[in-house]
Amino acid sequence: MRYVDEYRDPALARRLFAEIRAAATRSWTLMEVCGGQTHTIVRQGIDELLPAGLRMIHGPGCPVCVTPLELIDKALEIAGRDEVVFTSYGDMLRVPGSRTDLLSLRARGADVRVVYSPLDAVRVAADRPDREVVFFAVGFETTAPANAMAVLRAHQLGLPNFSMLVSHVLVPPAMTAILDAPDCAVQAFLAAGHVCAVMGWTQYEPIAARYRVPIVVTGFEPLDLLEGILMAVRQLEDGRAAVENQYARAVRRSGNTQAQDAIRRVFRIGDRAWRGIGTIPGSGLMLTDEFAGYDAELRFAVAGLTAREHPACIAGDILRGTRVPTDCAAYGTLCTPRTPLGAPMVSTEGTCAAFYNAGRTRPAATAGPR
């Protein structure tokens, strides 16, 4: 297979569904931990077409969604300063903070700019030495190499006016936290192919062995996901718990070692707060002491800010996979993509947005007023 359309072939999809039905003799619960995979699963109705007893839980795989509210408020505090040019990917602009969002702040005159690479932000800093340029560095391991390269480039150019507001999170500690939760129902994981393209899958092997859970590195197209589900079910049925790689066209066990070297030079591992989940030990990347001068939290003294979630938003439960968006009384009423209460309804990888865009509605008996 060479082209994307071949990974969406309906005849092959029907064949894989048939193989899954034949393989699953018991009830099993699987979790995908990538928001891109969630959107494919929901948009294509894969979770609704699986055999009875085979359940998909949508995990905390959206980096925008798991960015805690207090960090959004820190971004707003920094972006509102006259001397600052605040740069970010577009999906962060409409994520609500306690009182407003970056897009509204820009409408009121703040210099908030959408960039397509952190290196774009470095170029802005080089072109505007009279302004403080801040990049909102949000993401899993996938975006960490590019953000590390931006810091290294700013360091090479000697730019004193560039900094990053860092909100990097790591997948393996989140999986461990999910498995350690007393209400955990997950029996197997579909791991995110793009994360593993960077980091490989050696970090997942101890998790599979310790918790006896199959982990299948999976791509993002419908056939990728169906094959990943089939591989996970076969492991569960056989009583095996190993890491397998469905996404062989893009991922190898060792990952991208050059990208890993860049991450290790610029970042260190530390504890990180996740929206709705709390602090997970060793689940985040922070700038090392060598590059602490590029830390926007320290530069603008916003490290002490705190915030509280909207009381009607159950984003935390959704991100943990214990509830789905249609369980939320605000879903589709108070909370829509145009008027979001929480990040999962804003982000292109958010579970709430996936459900809403797929036209999924709350059960009529429990739907709130419209």
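For the structure itself, look to the data block above.
Residues numbered from 1 in each chain as written. Predicted model: local features only at pLDDT ≥ 70, side-chain atom pairs only at ≥ 80, totals over all residues. Heavy atoms only, no water.

(A) Up close: the overall build of the chain. Each helix and strand in the chain was counted, giving 16 helices and 11 strands. Its C-alpha atoms give the chain a radius of gyration of 21 Å, near enough to 21 Å, the size a compact globule of 370 residues would have. Taking the principal axes of its C-alpha atoms as reference, the chain extends roughly 65 × 50 × 40 Å. Out of the 370 residues belonging to the chain, those deemed buried represent 56%. Of the roughly 16,000 Å² of accessible surface on the chain, 51% is carried by carbon and sulfur atoms. Of the side-chain charges in the chain, 39 are positive and 39 negative, and the distance between the mean point of each set is 2 Å. (Helix = DSSP H or I, 4+ residues; strand = E, 2+ residues; numbered from the N terminus. Rg over C-alpha atoms; globule rule 2.2 N^0.38 Å. Buried < 20%, exposed > 50% of the residue type's maximum accessible area, 1.4 Å probe, protein only. Areas by Shrake-Rupley, 256 points an atom, 1.4 Å probe, with all protein chains shown as cover. Lys, Arg positive; Asp, Glu negative; His and termini not counted. Charge placed at Lys NZ, Arg CZ, Asp CG, Glu CD.)

(B) Region of interest: the sheet that holds strand β4 (residues 112-114). Within the open sheet, the 6 strands sit side by side as β4-β3-β5-β6-β11-β10. Their pairing is mixed. Strands at the two margins of the open sheet, each flanked by one partner only, are β4 and β10 (267-274). Between one strand axis and the next, the sheet turns through 25° on average, direction left out of account. Pairing of strand β5 (residues 132-139) with strand β6 (residues 162-169) involves 7 bridges; the strand directions are parallel. If you follow G139 over to β6, its bridge partner there is H168. Lying on the sheet, helix α7 (residues 118-127) is in contact with β3 (84-88), β4, β5 and β6; it crosses β5 at an angle near 175°. Sitting on the sheet, helix α8 (residues 144-157) is in contact with β5, β6, β10 and β11 (278-287), with an inclination near 160° to β6. (Pairing = 2+ DSSP bridges. Axes fitted to C-alpha atoms, helices over the stretch in contact; angles between N-to-C directions. Contact = heavy atoms within 4.5 Å.)

(C) Quick look at helix α2 (residues 35-43). Across the 9 residues of α2, 7 count as buried, placing the element largely inside the fold. The set of residues buried in α2 consists of G35, Q37, T38, H39, T40, I41 and V42. G45 sits one or two residues past α2 and shows a positive phi near 70°.

(D) Structural detail: the packing of aromatic side chains. Scanning the model with the defined rule gives 6 aromatic pairs in all. The interplanar angle of 85° and the centroid separation of 5.7 Å between the aromatic rings of F220 and Y247 together place this pair among those described as edge-to-face. Residue F220 is found in the loop between β8 (215-218) and α12 (222-238), and its partner Y247 is found in the loop between β9 (243-245) and α13 (257-266); the two are separated by 27 residues along the sequence. Y247 carries the same exposure label as F220, and that label is buried. Measuring from centroid to centroid gives 6.4 Å for F291 and Y294, while their planes differ by 40°, and the two rings are tilted. Of the residues examined, F291 reaches a relative accessible area of 0% and is grouped as buried. Across from the ring centre of Y7, 3.8 Å away, lies the NZ or CZ of R249, which sits over that ring. One Lys or Arg, R360, reaches over the ring of F355 and ends 5.1 Å from the middle of that ring. (Phe/Tyr/Trp six-rings, centres within 6.5 Å; stacked < 30°, edge-to-face > 60°. Lys NZ or Arg CZ within 6 Å of the ring centre and 35° of its normal.)

(E) Region of interest: the packing of α7 against α8. With their axes 8 Å apart at the nearest point, α7 and α8 run at an angle of 20° to one another. By the angle class used here, α7 and α8 are roughly parallel. Of the two elements, α7 crosses α8, and the hand of that crossing is right-handed. Here α7 contributes P118, L119 and V122 to the contact with α8, which in turn contributes A146, N147, M149, A150, R153, A154 and L157. Class assignment for the residues of the contact of α7 with α8 results in 8 nonpolar, 1 polar and 1 charged. (Parallel < 35°, antiparallel > 145°, perpendicular 65-115°, else oblique. Left-handed = near helix turned anticlockwise from the far one by under 90°. Nonpolar A, V, L, I, M, F, W, Y, C, P; charged D, E, K, R; others polar.)

(F) Highlighting the sheet that holds β9. Strands sit in the order β2-β1-β7-β8-β9 across an open sheet of 5 strands; the sheet is parallel. With one partner strand each, in any of the chains shown, β2 (54-58) and β9 form the two edges of the open sheet. In this sheet, adjacent strand axes meet at a mean angle of 25° when their direction is disregarded. Bridge count between strand β7 (residues 188-192) and β8: 4 bridges; the pairing is parallel. Counted as the bridge partner of F189 is I215 from β8. Sheet strands in contact with α2 are β1 (28-32), β2, β7 and β8, and its direction is about 135° off that of β2.

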